[in-house]
Structure formats: C-alpha cells, structure tokens
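# Coordinates in review
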Amino acid sequence: MTPDPHWLDPEPFLRGVAWLDRGRPVRADPGDLARLPWDTRERAALPIGVRLEFTAPDGARAVEVRYRARVPGPTEALRDLAHCFALWHGDRCVAESFTEPAEEAAVTIPLPAAPGPFTVHPPESQAPVVLGVRGLGGRLAPAPRRPRWVVHGDSITEGWWSTRPAHAWPSAAGRALGLDCVNLGYAGSARGELATAQQLASLPADLLTLAFGTNCWSGVPCSAPLMYETTRAFVSLVRQGHPAVPLLVVSPLLRPDAETTRNALGATLRDLRTAMEEAVRDLVAAGDTRLALLPGAGLLTADDLADGLHPNDRGHARIAAAVTGAVGRFGGAADPARTGALGVHPDPAGRAPARPSR
C-alpha cells in the first residue's frame, strides 16, 4: 500500500473495522449499498471508531502515521474542527498531535516509556485513510486481537457532541470491557432499516448492541405498533447470523422535546420506547435467553445533553458506564482476563477474524 519499505501496512494495526472497500474502512457493506437509505450510505463512508492499536516492544520513542484526508472547502461548516490524532495508553489519553487534512501527510506522536498496548484515535470528520505506520527508535507490532463488539445506533452512538472520538460512549465502554468496538452508528438514520439488520448478521461479532429509536420519532415517523414489529423483525434478522451471540438492546435515551410530544403518526418517544422494550421482553419470554434490555429513559438527565438531544462528554460517560454494567450483569463482559464469558478466545498470533473485504 505504501511505496517506502520502512512504512508498515496499516491493515494489521487497524481495529474497529467492519468492511474494507479497496483498503478503505467503511461501515456498510460496499456490495450492498443500494438497499440502504442515502443518509446511511453517507455516514457509513466515515471511519467512525476506526483506530490503530499496537505495542512498542523495543521502546520506540514515537509512532508516525501516514494518512490521506479530504481537504474541506473554504466555506464548509466542518472546516474548523480540530484534526487531532489522540494517543491512549490504557484508560488515559497521553498525547494529542494536531495536523491538517491533506492529500497526503504524516503525523508524529510521542510515545511514553512503556511497551503498550497503545491506541491512536484518528480524527473522523474528513474521512482519513491511514496509508502507513512506523515506529521511530524501535519497531511496532500489532496489538493482540480482542473479542469484537458490534454496536448499531444513530448519531448518539456515532458520538455526536463528544469532544473527541475516544469519548463517544461505544469507545469508552469498549475500553472498559476489553472489546474491539465496531461502531455502526449512523447520524440521522438508524430507524430500524432491515437491510442494516441483515448486514449486521453478516459481520463477525462476539457481542452485539442495538441502540436506535430516536429518529423513529422524528425523521421518518413511526407508530408504537410499528416500532414493536420493527424491533422484533430487526432482532430476528440479526439472529439469523448470530443465533447465540449476546445481544443487548438499549431503548431510546431521554429527549425532552419528544417525550410527550406526538409525531405525525400519533406516537410520543415515550410510546416508542415502551413498544421497543415490550418487543424485547416478549422475545426473551419466547426463549431468546441471550437477549437483554437496558431501558434508556433513566440513563441521562437534561444536564447531560449538549443540545437537548445529543449527550455531552459527561452524558457519553454515563451511557458507557450503564452499558458496561449491563453487559457485565448479562454475562457478556470480555476484558482480557474474562474472554471466556463470551465464549471466544483471541488468536495469540493476533490474526483478525474473517470479514468481508473488497
């Protein structure tokens, strides 16, 4: 992929990857885009949650990342967003390196005096593609693979209004649980599209979480009976690919303007939340013992919302803590010492699970 032999192919270092499209991480099946709404396709082109994970066994003093990112036009609203590469060691951010979107550039991030493992969270807004990675002052090695957690939801899952990609609730919960989080949050979308359920069914996963519903109140209105049936159908299609994988459903979070306001089909968000929760409970009662529910209404307060809908960093942290606790109670926790809880055992050679690729 990179002409300089000193640059390493980034693919073995990439985590959070759902599909590859000619080497570029994407978040919808590139061979099945026609069945998806345009807004899902648009958001799926952004590498939300994709990151680099590596160790520095020889004491490298820095990591250098070669990348390409779309250069925004002078009047684009997102032009002024920070283009930041953040280095995490365990549960702490230890360095941030700021650069600019470019057709091709490299960023150097200093490493602490430790073997790792380390995680680099690239900026997401300009769809960066990592072209190469290398250590300065020592070699780098891909970090061991961890069990895969596939998370589907809307803009809240995608991480809107978190100040850094690593603060989004799926990233924070993934760190706490010791999981490779694959973020399939689609801002403005995630309305229970059944084609998305079938794509989720096709992905390797050791744990699944569904956290959609708020856009079923507004963007494309849904009635309570339709929400009930959509939830059952969505879970049933996911189950065709993952009949025994632990699956956690998070019902819609607090949205003050929608809780008691009726949409075009007469449903409040409270009605839709109740319908989703009833559908999950009925599926559990019918025998799906690997399905669990986390009610979303009480997870946040109005003070945890940045704009009345999307959580601020504190809100994302509260969701992450609630999901982490729910997964633990559910028996799906998977930190490196407890991978047996998910019935998976990471390959000691660090090889990736099979996944669709083009």
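See above for the structure.
I will try to describe carefully the structure that is included in this document. (Residues numbered from 1 in each chain as written. Predicted model: local features only at pLDDT ≥ 70, side-chain atom pairs only at ≥ 80, totals over all residues. Heavy atoms only, no water.)

Moving on, we come to the sheet that holds strand E8 (residues 105-110). Taken together, the three strands give an open sheet; going across it, the order is E8-E5-E10, and neighbouring strands pair in antiparallel fashion. The strands lining the two open edges of the sheet, one partner per strand, are E8 and strand E10 (129-136). With strand direction ignored, the average angle separating the axes of adjacent strands in the sheet is 20 degrees. One ladder, built from six bridges, connects strand E5 (residues 62-68) with E8; its direction is antiparallel. The residue of E8 that forms the bridge with Val63 is Ile109. (Pairing = 2+ DSSP bridges. Helix = DSSP H or I, 4+ residues; strand = E, 2+ residues; numbered from the N terminus. Axes fitted to C-alpha atoms, helices over the stretch in contact; angles between N-to-C directions.)

Quick look at the state of the cysteines now. As enumerated under the stated definition, the model contains zero disulfides in all. No disulfide involves Cys93; its sulfur sits 6.9 Å from the nearest other cysteine sulfur, which is in Cys84. (Disulfide = S-S within 2.5 Å.)

A word on the sheet that holds strand E15 (residues 247-250). The strand order across the open sheet formed by five strands is E13-E12-E14-E15-E16, and the pairing between neighbours is parallel. The open sheet has two edge strands with one neighbour each: strand E13 (180-185) and strand E16 (291-294). Between one strand axis and the next, the sheet turns through 15 degrees on average, direction left out of account. One ladder, built from three bridges, connects strand E14 (residues 207-211) with E15; its direction is parallel.

Next up on the list: the packing of helix H4 (residues 194-202) against helix H5 (residues 224-241). Angle between the axes and distance between the axes: these two values describe a pair of packed helices. One can describe the packing of H4 onto H5 by two numbers: an axis separation of 7 Å at closest approach and a directional angle of 25 degrees. Between H4 and H5, the interaxial angle falls into the category roughly parallel. Taken as a pair, H4 and H5 cross one another with a handedness that is right-handed. Between H4, through Leu194, Thr196, Ala197, Gln198, Leu200 and Ala201, and H5, the contact on the second element is made entirely by Ala233, Phe234, Leu237, Val238 and Gly241. When its residues are assigned to classes, the contact of H4 with H5 shows eight nonpolar, three polar and no charged. (Parallel < 35°, antiparallel > 145°, perpendicular 65-115°, else oblique. Left-handed = near helix turned anticlockwise from the far one by under 90°. Contact = heavy atoms within 4.5 Å. Nonpolar A, V, L, I, M, F, W, Y, C, P; charged D, E, K, R; others polar.)

Glancing now at the packing of helix H3 (residues 169-177) against helix H7 (residues 313-330). In contact at an axis separation of 8 Å, H3 and H7 are set at 40 degrees when each is read in the N-to-C sense. On the basis of the axis angle, H3 is oblique to H7. As H3 packs across H7, the resulting crossing turns out to be right-handed. Residues Trp169, Ala172, Ala173, Ala176 and Leu177 of H3 lie in contact with H7, whose contacting residues are His316, Ile319, Ala320, Val323, Thr324 and Val327. Taken together, the residues of the contact of H3 with H7 break down into nine nonpolar, two polar and no charged.

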